[in-house]
Structure formats: structure tokens, C-alpha cells
There are 2 protein chains.
Amino acid sequence: MLDGLFRPRAVGVIGASGNPYSIGHIVVKNLTNNGFHGPVFPINPKGGTIRSIQAYKSILDVPCDTIDLVNISIRNVFVPDVLEECGQKGVKFAIVHSAGFKEVGPEGEELERKMVETAHKHGIRIFGPNSQGIQNADPDVSVYANFTFVPQNPGNISIMAQGGGMGEMLKLHLHNVGLGHRMYCSYGNECDLTMPEILEYYGKDDGTKVIMMQTESFKDPRAFLEVASAITPHKPILAIKAGRTAEGSKAVSSHTGALVDQVKMAEAMYRKAGVISFTDTHQMIKAAIAMSTQSPPPGNRIGIITNTGGPGIQAVDESISQGLQLASWSEEGNKKLKETQFAEASLGNPVDVVATANQDHYHAAISTLLAEEETDMVLVFFVTAPFTDIDAIAKRIKEATEESDKPVVVVVETFSENYRLIENLRAADLPVYEFAEDGVRALASMSKYAQLRDRVREDVPQLDTDQARAEAIIKPYRGTDSYLTQEDAFTVLRAYGLKAPRMAGFSSVQGLEGAAEIVGFPCVLKIDSADVLHKSDEGGVILDLADFDQLKDAHEKMLEKFGPESTCLLMQQMPKGYELITGVAASEGLGSLVMFGLGGVFVEVLKDVSVAVAPLSMPEAHELIRCIQGFEILTGLRGNDPVDLEAVAEMLVRVSLLANDFPEIVEMDLNPIFAYPAGQSPIAVDARLKVE
Amino acid sequence: MLDGLFRPRAVGVIGASGNPYSIGHIVVKNLTNNGFHGPVFPINPKGGTIRSIQAYKSILDVPCDTIDLVNISIRNVFVPDVLEECGQKGVKFAIVHSAGFKEVGPEGEELERKMVETAHKHGIRIFGPNSQGIQNADPDVSVYANFTFVPQNPGNISIMAQGGGMGEMLKLHLHNVGLGHRMYCSYGNECDLTMPEILEYYGKDDGTKVIMMQTESFKDPRAFLEVASAITPHKPILAIKAGRTAEGSKAVSSHTGALVDQVKMAEAMYRKAGVISFTDTHQMIKAAIAMSTQSPPPGNRIGIITNTGGPGIQAVDESISQGLQLASWSEEGNKKLKETQFAEASLGNPVDVVATANQDHYHAAISTLLAEEETDMVLVFFVTAPFTDIDAIAKRIKEATEESDKPVVVVVETFSENYRLIENLRAADLPVYEFAEDGVRALASMSKYAQLRDRVREDVPQLDTDQARAEAIIKPYRGTDSYLTQEDAFTVLRAYGLKAPRMAGFSSVQGLEGAAEIVGFPCVLKIDSADVLHKSDEGGVILDLADFDQLKDAHEKMLEKFGPESTCLLMQQMPKGYELITGVAASEGLGSLVMFGLGGVFVEVLKDVSVAVAPLSMPEAHELIRCIQGFEILTGLRGNDPVDLEAVAEMLVRVSLLANDFPEIVEMDLNPIFAYPAGQSPIAVDARLKVE
């Protein structure tokens, strides 16, 4: 438990000084100015008084036995000795602001090791080093053990950021719109206490309703995945992954490698964990604000109420773009609107209550829509007019929303003279925005959260796989970092229940006839060489061979092209189906990722691929298929029979099991796979597997 | 000229009253409270005093001969008589706030006609009716002849909105961030004075540097296109088209019709005019703010300066997403950065000057980047720290930007205690944002404007077309609202220099042999009937007929399917090329639109089509091709020869000329077209033309 960190009984500030710009000084100021409930003890080798508090020369001199937490901002080399003293004093957590550890090279690394060793000897956990600190605005504690500048006010959104500037920005915007936060931390180097441990603590904190986080890199993605997956069923996690366009990922030759980049990896992890992913900081904060007071909607149908046309249209446009549906009203609902609104009001969706609408018109419109069974959420737009009573309107809007659990957001168009309207609505726990689009996007994020939270969850299915057979094939490749021959690759696939064409390898002209007998006609002749990566492009695949004469000709050509010693493979020509591509790539710390896409231009030009973390459950496999852009193609267009989606999903599960059982398969490309209508399993007609 | 409207010497307010909630009262208040330079004359049948100003019973009683403008908010039926008096008084413009005209039915329409007639008799122009009014914050006039509530401050962004609520919102946000505006209007019904006339006036106003507009529908798109095209080379127009997801567009059977919806129409018009299109209100305003003080960048390479890492990464991610490039520094630039920055600063892009950077570090970083030949714009991020002198930093940032014309935006992360920093930067004409992403998007919009402004412009080329030949074919169809036969359709295409396969029509078994002689083998047999719209889907196309026997069989099947009287067409089988689709759709008020896309799934699933207004110049045709998502395919992937883009562009120009010469072609679909590598013209293998 991290109570000693986030709910300390007393705090020591080691490195506190009279210099108002020093970290130690600012931490003392932040703790005392924000009403920390326990005592704060500045520690300075010179003693003296710091911000009117007596400073001690050593923590050992402090007449208090409940110092759970210390903030340390002294020079790096002194940290281990100071920790030794902290240990003797019974300190439980140390926030190390100081830099100069692992990030500066071997010497710092050694110092870090020593620091952690000393700490652990005494059961102290280290937060940092090179870190900003933590905050907990819970009024019962009110701890601001952090050197940032935003005043602390209680709220129920907790924030965790790897980058200090980003964390500060999230906290700051909440402050600037009059809201507070719950817990906060920017955790720096993660030498001991890890991000997933803190996340877990946030998850268990009853005062935290929403978690916002920013990450630059995942030190332990697997731990994050487990912790986040346990939180999202009851609490939303909103996340930004920095560096989504980073071009630093290693260039590899296969499709999969190039496509499974950092962005896709985070995307796969977030999807599996049910984390809502954002790319825009402001959008994430706005969504968090809505989630901090509103419940997720039961569905995706939005009702819009406005007193002016234009912003209502903007709300409609944005709703559709965000995948929401416009609700329509029941007969009863229509009747109630007609009874309660002005004759000139427009009673469709949006309901335009017109500019002269008063508090009762707003109340009736909101409560009518919230009572509609087929309306899941409501956006209220209100432009103030000189003749409206804004206090009464704020009050009546609040009253209308109290009758229902469905989420309501309010968009207010007004100027400084009427800002109290915004304050009143916020005080009534309603999220308020300046633009209709922002309100819609916040609701859409809530709807997305509800979908993620409520999705079908199943265990990874137990399928008939022959791990021993695959092991026998893979074993000799282990440690060689090389590609399997085509025959071996397909044998491994078959061992995992993946369908493959009939095939026969041969390495001499003499073998040709025997191979043809096994495979039959029509057939395909392929070069089988690790040196030829893009076989089709390089002329290493000859299709449509109808008889033995054609096959002989083709084989001669092949030997001419690739040399008389080349090994070839004969393969049954499969009827052309829907062209799919599936791949596997290893990711550090997270295990294997499974990639899915449509073949051809979809992957080449549009990079239209989805990625998931192996192993997959059946619902996860279906989701992987559904979330590609070109999904509609698989459902059968212009009279084509739809593909057997269940069979494709099962194939993906099998691929994911193989990848999971053999993490040494660092690269796998099944491209193309032919998929067929109902009742037929997909067949991989080319396979490339690389074992590390 | 609209000087009488936007720079009136005196204003009469007809319908002014003592009721503080009445429009007339509010207009008097707005005019006087915002310091209108001329006299304001309230007109009320009861006379009296309104807001301490003597009211007159009739405008004819007013002792002033320079009333250029009146605001009218009396009951609709009295308006024409009042206008009669205004005419006698020499009034030039009348803003009619009153509703109850064309929008309420035939009676109102008649009243509107009478109103306009009376006005025109006296040379009065009407603004409205059912309108909000106008403003001009030019300090030389300061006219607020509008009943909205936002206080007026001078600025150089002019606003025009069809929807009053949207116009108000644009104005309001500028006010809320401490900025003013130049001219403003929300124009209502457009019974006389039109939106393009006002836009033209904004374009000629030296005090207007940027124009923001919102439109729900275009009354005269052609006029808008001409006016906007003349403005954008020297002044940016930023626009939101409301209703971009409207599902109300008529359902037509052909692809083109369904795809050329309202969104695409506005998109085509904006592109041709060089208008920058937005879907998000807030984004548009933020871009306008940057453009109001900064010059467009010479290219798209961004330099980023920050004093904290995370927001710098957000800026990089957003830059790449917005199509900007990260600049890199010259040797000289690297040297200067090294000399002027802290040793721990990171000198790549972003330049991280680190948290302790002072005013001189910022100054040096900004001035170095602005001096770099290969850096076109700079984003400066600054999180305030307790030890930095924010006044000095604001001053030095400003000084650094004065040395260059390149645009600079500043993103400031701070809280209320330091808001004067933001005010100081804004006072120094620097755009300031709260989030890094917003700053990047504003710069990206400026870069887009520069590209639009500087694009190559050419006249529509004079090509060899045989209009008379096409006229002869089309003439009998005119007024029939029907599809041309395949033969006629292809004859029209050939008349415009569009290539088509050899073909021969026939209507009996006897004709088959003759047709085959003309066309040769291999050939394609097609049904030629207006009733069969999707020929391929319905089995009306049989491909790959290699000899006469196969042809005869195919013909028998065709007659079996579509009836013994069916007319068929024999067509040369063309070698398969890149599959394209081109179409034409008529649009009300704007003429014909040309649509372009890749065939197959691209159009079916991804709706990946671009649209332009006919006729096209060659650069416009090239742009139409380039801006589809799948463009890369045409450049040759995986060893394929690239398509002859010049030939495709010429084909599009020819299609656009045909559409332009014959506006009665309300629908045209060339689908598919086969396009080939260098030196070969594209060939339409199926064509559907409908004439109204």
C-alpha cells in the first residue's frame, strides 16, 4: 500500500533551504500553504528557521516518530547516506527530486543501485529519482509534496504523468476552469516504485473517479496491462501516449515489423486494457471533466437542446462524426415537448427552445429528453440573452438533471458579466464547455468508455494445438535469428490448426515429378530461400501451372533466375478468396502482438491494420477484424458472399496462441491469406517465420 | 460600396423603445455605449426620451440629413411604409431585424417583395430581414448597429455568419481571450443585400486582415466563388460550412450522385476559391488569431522551442499529423545554439532550453531559428517557473520575433498569478495558446493558406472539342430526363477527345456478326438498356469473349436474361489498367462538379473521392487527382509502372469542359476508366450520361 506516500502522517523535507527558488523551500511552502494536516520538518545541515519552521540538522534529530515520507533534493552523492538515516528513523517513502542517477551514465547507475539497496535494507520505497513529487488533495490529508506552482483544490480526477510539464498542464487546466484534482504525481526515473503500482493505488482510491495519464515509454507494459485491466471495469482511465509519430522504431524488412510501430503497440495495449486513448491534451481533459461528475451513457444516442440554431447544427455534425446517433422522441416525448415549449420552438433533434426560452422551458425539455428510453445522453446549449434569468436557468437545469443518471453536459455562450452562470452550473456538478463540439466530444468519450467497460469478455479458448510438433520444428532454429524454410513454416502453422495448401518441397529436377504427384494441378511454383523476401516481386512465384509441361518450363526459368542449386516448393493453387494479411511481431515487455489487415493496397497504401496483444479471446479477435477501415468489404459488397468471420477470428486466435507459446518467433507474416464464405477456413498461401 | 452600412454618418433606430429588453432599445444602447462617432436618433411613434436621447415620432422629423443607416425592429407589416419615409429622408441602408417575411409563407413573401420594391424605388439597400445587424469596430466609426451583447473592441478579424448564434460565438471567443474584431454581421434572409456583396466589402477593407465566416447554405454559390477567389490571394478567408453531415441530400441511383453531397460541394468551392475550410469552431478562431498578426510561413518546416519535454513531444506529434515537417538546423545554427544555451539544453528539434532558461536563452533560441533558411515558422513553449522573470521573457521573445517576417506562436503554461505574461505577449501582437497542439494547428493552417495562396494558377486550356457533334447527339434527349444509350454516350465522349474502345451496337441476332467484325476479338458483350443501371452486378456484362462461338453463347444467355428484344453492345476488350472512376453531377447555382476516385473498393468502401468545380485548369485537375487518399497507388507500387498522370489530368479537363458546355448533363459516370503508364490515354469502358 502506498498510504505512507499519499497519506503521510508527517513529512520531512531534506534539503530545505532559505532560498525561495530552491526545490526544498518550495516543497515546504507548498505543504504548509496548502494545509497539510501533519507536521512538516525542514532538514538542513545548518539548522535555522525555514518559512517560520524550525529546521533540524539531521532527520535523526526530529522529535517525531511518524515521518512516513521525506522529500529529498540534496546533491546526488549524499542521497544514500541520508537514506541510511531515514531508515533508522522509520521513514517509509522517499521522493527523490535530485537528478544525476542512471540518466547520466555508469557512475550514476552505480549510485542509483546503492541508493535503492540502502532504501530496501530499511524497507523504504523510492519515488524517482529525477522526479517532481506527489500530491493528494483529499481534504483529510491535503499533501502537496511537489515543487510545482498550481494551487491545490480538492477534486476527483487523479493525474499521473511521466513528463512533469505535461502533468502540470493537466492539473493546471483543471485549475484554470475552476476545478480541482485528487491525486497527482510525475514519477521520473521509476528506479523503485513503478507507474503500475501507483496506478493500482489510484484505482483503489474511493475518492478518485477518473484517472488521466500521460506516458512516454512503458518500463513494464505487462504490469501496466494487468493493473489497468483491473481498474477500467469500474473507473475510466484516459491516456495520452507521447511520441505517436516517432520515427525511431527500427527498420525491419517485413510488413509486420514496419507496421507494428510504437503507436500500434500502445493502441493494442490500451484496447486490451479498456483504456481510452487520446492524442489531444485538451480533449482528454475535457472528457475527464465530464466523467468526473457524470455517469457513462447506456447507449450512443444523443439528444440536443439549444436556444439558437447554428451551434445546434455544429453539435449534430460533430455527433455524427464521433459515431454517436441522433435520438428521436417517442410519441409521449413529442407530446410533452409540444405542451411545454413555445409554438415557434422546433421539436426535432436538436430541440430549439428559441432565444426567449426561460428556465421552465429548459427544465421541461431536459427532463423530457432524459425520460426518453431511446435517448442516452443530453447536450444543453444556452446562449444568454438579456431577458433571461440566468440564475433561475442554472437552478432549473440542475433540477432537471437530478431526475436521471444519464449524462448531461452544458455548453454556455456568454461573456464575463455572466460568468457566475458557469460557476453555478459547475458548482452543481455539471460539466460546462465553451463550444458545442467540445461538449459532444466529451459525451462521445463517455460513450466509448461505456462500450469498453461493457464489452463481452471471454477467456482465451482452449483449442487443439500440437505444441510438441511445433517445438520439434522450431528447436533447431532457436538462437539462429533466421527464417524457417517454407515447409517448416507451414508445418508449424498446421500444428496449430491453421490450414495450408498441399505442398511438396524438392531440390532437384528429379524431385519435380514426385512433387507434382503430391500436389496435383493447377499448382504454384515458389522459390524457397531465406534470401528472397518479397518472392512475388522478385519473380520467385509462378502461378497457374496447369500441367506438367508448364511446370517444367516454369522450373527451368526459376533455376535460371535464382541459380541451378535453388530449392523450390510446389504448392496447390488455391481458389482466390478475400485477401487477408496477418502477422506477429515481438514487443519488448509485452509479448507478441498480432496484426490483421486486408491484403494488397489496403496494407500497402492505407496502412489499414489493427493490432492486438496475444493471446486473443474470440471477442478480441472479432474486434481486431472489425476495427479496420476496410471492414465493410468482408461483409460482402455488390452481391459478394460475406466472408466467414467466425473462421477468420478462430484463425487469429490460433495465430495468437502460436505467438504466445513461442515468444522466440519475433516475426511472422502470413501474406496473403485467402478467406472464404461461410463454412470454409482461411488458408495462408505464403508464410514467413523468423526465430530469434 | 457599403460605406453607408458599415461607416454611416448617422443612424436612426426605428422601433426604439424604453423597454430594455426590446431590440430597438438594445441597439440604441450598443451604439451609444460603444462610442459611435455620429449621432443616434431613436424613432418611436410616441416620441419621448430613450436612454437620455430625444426620440422622434417619424424619421422625417429628425433634424439631420446624413442618416445613412436605419435599424428597423417594428412589426413586419409596417416596414414598407416606414421605408417610404426613409427614402424621402435619403437613407441608404436599412437593417431589418423584424421577422415575418418570406420564411412564414406566401403572405410574408408578398410583404418582402413590397418592402424591397419600396426600398429600391429610393435607392435603399436592405440588410435582412430577420437579421441581427452589423458592427464595425474601426475606431474611426465604432458602429454597433446590432442587438448582441459582446462588448466591442477594435481588432483586425472580420466576421460574417449566417447563423446569429454562431457569429456571436466567434466574436465572443475573441473577446474572452482579450482580443477585438473589425467588422461583424449576421445577415439573415438575404432578401436584397447578399453575402458575397458583404464579403467583397470585407475584402477591400484595409483594416481587415483575416475573414472568418460561417454559412448554412449558399444562395448564390457562383457569386461567392468569384468574390472569394479575388480575396484569398491577399487575405485569408476561414470558413465553416454548417450541416456537413446532413443526410437530406436527395438519393440518386448512381455513384456520383450519392457521393457528390453537400459537404463535397462546399469542399470543391472552397478549394477552387482558396478558402480554408474548418469543421471545428474553436480551431477556426485559433487559426484566425494567428493570422491576424503573423505572416504566412514561406514553407512547411516548423522549429519548436520549449523549456519542458512533454509538451514539446506533443508539438512534434501534432506537427507531423498536420503535415508539417520538422526543420533541422544548419551548421551555423547549431553553433549559435551551442554558444547561447545551457550545457544541459537539448539542441535538436525541439530545442529544449530547460526549465531554468532565462529571457536571453529564449531570445537567442528564437532568433537563431528564425534566421535559419530552412525553418519557416517557430512555436515557442514556455512553462513559468518561480525563478524566471516573466516580464523580461515576454519582452525578449517579442524582440526576437521582430527580426523576422516568419510566423511565431507562443504557448504559455501558467496560472492566474502570471496572466499578465499572456496579456503582455498579446499586446506585443503575438498569438498565445494554452496547449501546444493548438499552437501547431494554428501554424499548420497558416501554412495551408500560404500553399493555397501561392499555388500555380492557369487558365482552363483550349482543347480540341467538337461541341457541335455532341450537341447533335444530346439535343433529342434534352427535356426527357433520361439516360443516353451506350453508343450515344460514347459518341459524346469521343467528340470531347475522350478515348473509348471500339464498339458496335446491334439489336438482333443477325447484327451480331457485323458487330464482331467491327470490334474484333477478344471482346465484351454488354446489355444497353437504361433500365439496367449496375450492368456488371446484374449480369449485363460478359467479358473475355475470345471467338465468335463464345460470343454467340454469351448473346443467347443475355437474351435469356433480359428478354429477346434486348439491345446489346459489343465492345473491344481493353487491357486492364489502373481502375479509375470519374463523374459529373449538377449542383444548383454552381454549375457542374467533377468527381474523381480510384475504382473498386476505394469508392465503394472508403468513399475516397475528390470533387472540383467545372471547368478545370490543368493544375486543378492535377490537384483533384493528388488529393485522394489512395493517390500513392497511381505513382506505381511494388514495381508497377506509374500511371500517366498528365494524361489522366487532361481527361479530367475534357470531362469538365463537356460538363461545362452542357449543364443539362445532370449526371455522368465513367466507371471504370482504365488508365495506363506513360504515353497512353485513359479509356472509359463504361459510361452513363443523363440529360435533363
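Along each chain, the written sequence defines residue order, and numbers are assigned to residues from 1. Note on labels: chains are lettered from A, ligands numbered from 1, in written order. Where totals are concerned, whole chains, interfaces and linings use all residues; where local detail is concerned, this predicted model gives features only for residues with pLDDT of at least 70, and gives and counts side-chain atom pairs only at 80 or more. Water and hydrogen atoms play no part in the side-chain values, which are based on all heavy atoms of the structure.

**Q** When you look at the overall build of chain A in this model, what are you seeing that I'm missing?
**A** Each helix corresponds to a stretch of at least 4 residues labelled H or I by DSSP, and each strand to a stretch of at least 2 residues labelled E; elements are numbered beginning at the N terminus. A count of helices and strands for chain A gives 24 helices and 31 strands. Dimensions of chain A, computed from C-alpha atoms along their principal axes, come out at roughly 95 × 80 × 35 Å. A 1.4 Å probe and the Shrake-Rupley method give the accessible areas. Residues count as covered only by the protein chains that appear here. Per element, the accessible surface of chain A, about 26400 Å² overall, is 49% carbon and sulfur. Between the averaged position of the 61 positive side-chain charges in chain A and that of its 93 negative side-chain charges there is a distance of 4 Å. For the charge count, each Lys or Arg is scored as positive and each Asp or Glu as negative, with His and the chain ends excluded. Think of each charge as sitting on NZ of Lys, CZ of Arg, CG of Asp or CD of Glu.

**Q** I tried to follow the pairing of strand 31 (residues 687-691) of chain B on my own but got confused; where do I start?
**A** A regular strand carries its side chains on alternate faces of the sheet. Residues and elements named next belong to chain B. The element strand 31 is extensively covered by neighbouring structure, given that five of its five residues are classed as buried. A pair of strands counts as paired when DSSP detects no fewer than two bridges linking them. Bridging between strand 21 (residues 482-483) and strand 31 involves two bridges; their strand directions are antiparallel. Counted as the bridge partner of serine 482 is valine 691 from strand 31. Sheet topology note: the strand 29 (residues 665-675)/strand 31 ladder contains five bridges and is antiparallel. Pairing of aspartate 669 across the sheet is with arginine 688, part of strand 31. Relative accessibility under 20% of the residue-type maximum defines a buried residue, over 50% an exposed one, and the middle range a partly exposed one, all with a 1.4 Å probe and only protein chains included.

**Q** How should the relation of the copies chain A and chain B be read in this particular structure?
**A** Relating one copy of the chain to the other requires a rotation about an axis plus a shift along that axis. Note on the copies: chain A fits chain B at an RMSD of 0.1 Å, the axial shift is 0.0 Å, and the rotation between them is 180°. Overall, the copies show the geometry of a two-fold rotation axis. Across chain A, the smallest distance between a C-alpha and the rotation axis is recorded for A:Phe602, namely 4.7 Å. The residues that chain A uses at the interface reappear at the interface of chain B in 100% of cases, marking a shared surface. In this comparison the copies share one frame, found by least squares on the C-alpha atoms of residues holding pLDDT of at least 70 in both. Contacts: residue pairs with any heavy atoms within 4.5 Å of one another.

**Q** How do you make sense of unusual backbone geometry when you look at a structure like this?
**A** Excluding glycine, residues mostly have negative phi values, and the peptide bonds linking residues are mostly trans. With an omega of 0°, the peptide bond between A:Asn671 and A:Pro672 qualifies as cis. Residue placement: A:Pro672 occurs in strand 29 (residues 665-675). Omega for the peptide link from B:Asn349 to B:Pro350 comes to 5°, which places this bond in the cis form. Mapped onto the elements, B:Pro350 comes out in the loop between helix 12 (331-340) and strand 17 (351-352). We note that A:Ser142 has phi near 50°; this positive angle belongs to a residue other than glycine. Looking at the secondary structure, you find A:Ser142 in the loop between strand 8 (133-136) and strand 9 (143-146). Positive phi outside glycine occurs at B:Glu190, with the angle close to 55°. The residue B:Glu190 is located in the loop between strand 11 (183-186) and helix 6 (195-204) in this model. Under the relative-accessibility criterion, B:Glu190 is labelled buried at 5%.

**Q** Any chance you could explain the sheet that holds strand 1 (residues 10-14) of chain A here in plain terms?
**A** To summarise the sheet geometry, strands pair through backbone hydrogen bonds and adopt either a parallel or an antiparallel arrangement. Residue and element names in this part refer to chain A. Taken together, five strands build an open sheet; the order of strands is 2-1-5-6-7 and the sheet is parallel. Strand pairing shows two members of the sheet lacking a second neighbour, strand 2 (40-43) and strand 7 (125-127), which therefore form its edges. For this sheet, the mean angle separating the axes of adjacent strands, direction not counted, is 20°. A fitted line through C-alpha atoms serves as each axis, taken over the contacting stretch for helices, and the angle formed by two N-to-C directions is quoted from 0 to 180°.

**Q** Can you walk me through the state of the cysteines in this structure?
**A** By definition, a disulfide links the sulfur atoms of two cysteine residues through a covalent bond. The criterion for a disulfide is a pair of cysteine sulfur atoms lying within 2.5 Å. For the structure shown, the criterion picks out zero disulfides over all chains. A:Cys191 carries a free sulfur, and the closest cysteine sulfur to it, the one in A:Cys185, is 14 Å from it.

**Q** Please explain the packing of aromatic side chains as it appears in this structure.
**A** Ring pairs (aromatic) are described by centroid distance and by the angle formed between their planes. Each Phe, Tyr or Trp ring (for Trp, its six-membered ring) is paired with any other whose centre lies within 6.5 Å, and the angle between the two planes then decides the class: stacked below 30 degrees, edge-to-face above 60, tilted in between. A complete count under the given rule lists 18 aromatic pairs over all chains for this structure. Considering the side-chain rings of A:Phe415 and B:Phe149, the 5.3 Å spacing of their centres and the 25° angle between planes classify their relative orientation as stacked. Linking A:Phe415 in the loop between strand 19 (408-413) and helix 15 (419-427) with B:Phe149 in the loop between strand 9 (143-146) and strand 10 (157-161), this pair reaches from one chain into another. Ring geometry for B:Tyr362 and B:Phe382: centres 5.3 Å apart, planes at 80°, overall edge-to-face. Remark: B:Phe382 occurs in strand 18 (residues 377-383) and B:Tyr362 occurs in helix 13 (residues 359-371); sequence separation between them is 20 residues.

**Q** I keep staring at the interface of chain A and chain B and nothing clicks. Help me out?
**A** Much of the literature gives interface size as the accessible area that the parts lose upon coming together. Facing the 65 residues of chain A at the interface are 65 residues of chain B. The term buried area refers to how much accessible surface (probe radius 1.4 Å) is lost by two components on association, counted for both of them together. Buried area between chain A and chain B, both sides added, is near 5500 Å², and the carbon and sulfur share of it is 57%. In terms of surface lost to chain B, no three residues of chain A exceed A:Phe149, A:Phe435 and A:Arg638, which account for 12% of the buried area on that side. Between Lys or Arg on one side and Asp or Glu on the other, a salt bridge is scored when a side-chain nitrogen of the former is within 4 Å of a carboxyl oxygen of the latter. Linking chain A with chain B are two salt bridges.

**Q** Would you explain the nonpolar core in this entry?
**A** The nonpolar side chains of a soluble globular protein tend to be buried, and buried together. What we call a nonpolar core is a set of buried Ala, Val, Leu, Ile, Met, Phe, Trp, Tyr and Cys residues that are connected through their side-chain atoms within 4.5 Å. A:Leu652 and B:Leu652 are the most contacted members of the largest nonpolar core, which totals 116 residues. When residues no more than four places from it in sequence are discounted, the contact partners of B:Leu652 are B:Thr582, B:Val594, B:Phe596, B:Leu616, B:Ala621, B:Leu624 and B:Ile625. With 92 residues, the next largest nonpolar core counts A:Val150, A:Ile159, A:Met169 and A:Tyr449 among its residues.

**Q** Help me understand the sheet that holds strand 25 (residues 568-572) of chain A, please; the structure alone is not making it clear to me.
**A** Residues and elements named next belong to chain A. Here four strands make up an open sheet; going across it, the order is 22-25-23-24 and the pairing antiparallel. Each having just a single partner strand, strand 22 (503-506) and strand 24 (541-545) make up the two edges of the open sheet. With strand direction ignored, the average angle separating the axes of adjacent strands in the sheet is 20°. Pairing between strand 22 and strand 25: four bridges, direction antiparallel. Considered in strand 25, the bridge of glycine 505 is made with leucine 569. Sheet strands in contact with helix 18 (residues 486-495) are strand 22, strand 23 (523-527) and strand 25, and its direction is about 40° off that of strand 25.

**Q** What is the right way to read the packing of helix 3 (residues 79-89) of chain A against helix 4 (residues 106-121) of chain A from this model?
**A** Packed helices, taken two at a time, are described by the angle their axes make and the gap between the axes. All names here are of chain A. The geometry of helix 3 relative to helix 4 is characterised by a closest axis approach of 9 Å and an angle of 5° between their N-to-C directions. The orientation of helix 3 relative to helix 4 falls into the category roughly parallel. Contact with helix 3, carried on its side by Val79, Pro80, Leu83 and Glu84, involves Leu111, Lys114, Met115, Thr118, Ala119 and Lys121 of helix 4 and no other residues of that element. Residue composition of the contact of helix 3 with helix 4, grouped by class: six nonpolar, one polar and three charged. An angle below 35 degrees is read as roughly parallel, one above 145 as roughly antiparallel, one from 65 to 115 as roughly perpendicular, and any other as oblique. As a working rule, the residues Ala, Val, Leu, Ile, Met, Phe, Trp, Tyr, Cys and Pro are called nonpolar, Asp, Glu, Lys and Arg charged, and the rest polar, with Gly in that last group.

**Q** When you look at the pattern of salt bridges in this model, what are you seeing that I'm missing?
**A** Opposite charge on two side chains makes pairing possible when the charged atoms of those side chains draw close. Evaluation of the coordinates by the stated rule reveals 68 salt bridges over all chains. Linked through salt bridges whose partners overlap, the residues forming this network are A:Asp280, B:Lys286, B:Glu318, B:Asp438 and B:Arg441.

**Q** How should I be thinking about the domain arrangement of chain A in this particular structure?
**A** Residues and elements named next belong to chain A. Taken as a whole, chain A is organised into domain 1 (1-131), domain 2 (148-293), domain 3 (296-454), domain 4 (502-573) and domain 5 (578-691). With 14 residues of domain 2 at the contact, the number on the domain 5 side is 29 residues. Between domain 2 and domain 5, a total of about 1800 Å² is buried, with carbon and sulfur atoms accounting for 62% of that surface. At the boundary of domain 2 with domain 5, the tally comes to two salt bridges. In this structure, arginine 271 and glutamate 623 form a salt bridge, with 3.9 Å as the shortest nitrogen-oxygen distance. Polar contacts, as counted here, are pairs of nitrogen or oxygen atoms within 3.5 Å of one another; within protein the pair requires one atom able to donate a hydrogen and one able to accept it, and residues that are adjacent in sequence qualify only if both atoms are side-chain atoms. Inspection of the region where domain 2 meets domain 5 yields six residue pairs in polar contact (both at pLDDT 80 or more). Listed by contribution, the elements that provide at least two residues to the side of domain 2 that touches domain 5 are helix 7 (221-231), helix 8 (255-259) and helix 9 (262-273). The biggest single contributor to the side of domain 2 that touches domain 5 is helix 9, with six residues. Taken together, the residues of the side of domain 2 that touches domain 5 sort by class into seven nonpolar, three polar and four charged. Note that domain bounds follow an automatic or database assignment of domains.

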